[in-house]
Amino acid sequence: MQTITFKVTDLPLVIRTLDRFVLARLSRQSEPVFIDMTCPHRGGPLTHGKHQGESVLCPWHGNATSFCRLQRLNLPVASHGDRISVEIEGFVGFTRTQTEEVCNHESNNKENNCDNE
Ligand code: FES
């Protein structure tokens, strides 16, 4: 595990690990939320996919993944003023998301990205 730190104002942000693309964003209650946006097909970056209805199209092979299938990750997190620290395995770097719709998606399913906060 590695602890990484970023500014709240940097969100939404993509945390790249060796095998995942994790979207970090704020909930409506301004709490940090981490969503695994790794394509279930072959691990493509859904963080850079195109929004289509209730799904996101993977930029690698074009498969559609429903927003409600995206898993929320329960990562150890701490806030210190305007900074957020999170523990994550295999950290590689940060990138920006191009899929802003995912950041704001709402639904009634609490088990995944579809937040009813
Ligand atoms: S990796 Fe996403 S469609 Fe193949």
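Residue numbers run consecutively from 1 along every chain, following the written order of its sequence. Selection of residues for local features in this predicted model requires a pLDDT of at least 70, selection of side-chain atom pairs for listing and counting requires 80 or more, and totals for whole chains, interfaces and linings are taken over all residues.

An unreviewed UniProt entry lists the protein chain under the name Ferredoxin subunit of nitrite reductase and ring-hydroxylating dioxygenase, with Gynuella sunshinyii YC6258 as the source organism.

Caption draft 1: Region of the structure containing the overall build of the protein chain. Numbering of helices and strands runs from the N terminus; a helix is a DSSP stretch of H or I covering at least four residues, while a strand is a stretch of E covering at least two. Helices and strands together make up the secondary structure of the protein chain, namely one helix and 11 strands. When the helices and strands of the protein chain are placed in sequence order, the string is β-β-β-β-β-β-β-β-β-β-β-α. Going through the 117 residues of the protein chain one by one, you find that 24% of them count as buried. For the protein chain, contacts bridging at least 24 residues in sequence account for 54% of all contacts bridging at least 6. Exposure classes come from backbone-placed C-beta atoms, where a residue is buried if 20 or more other C-beta atoms lie within 10 Å of its own, exposed if 12 or fewer do, and partly exposed in between. Two residues form a contact once the distance between their C-beta atoms, set from the backbone, is within 7 Å.

Caption draft 2: Molecular detail of the sheet that holds strand β1 (residues 2-7). DSSP-based pairing: two strands are paired if at least 2 bridges between them are found. Pairing is antiparallel across the open sheet formed by three strands, whose spatial order is β1-β10-β9. The two strands at the open ends of the sheet, each matched to only one other strand, are β1 and β9 (77-80). Between one strand axis and the next, the sheet turns by 20 degrees as a mean value, whatever way the strands run. In the sheet, β9 pairs with strand β10 (residues 83-88) via four bridges, with the strands oriented antiparallel. Looking at β10, one finds that V77 is bridged to V86. Lines are fitted to the C-alpha atoms to define the axes, a helix being fitted only along its stretch in contact, and any angle between axes, read from their N-to-C directions, falls within 0 to 180 degrees.

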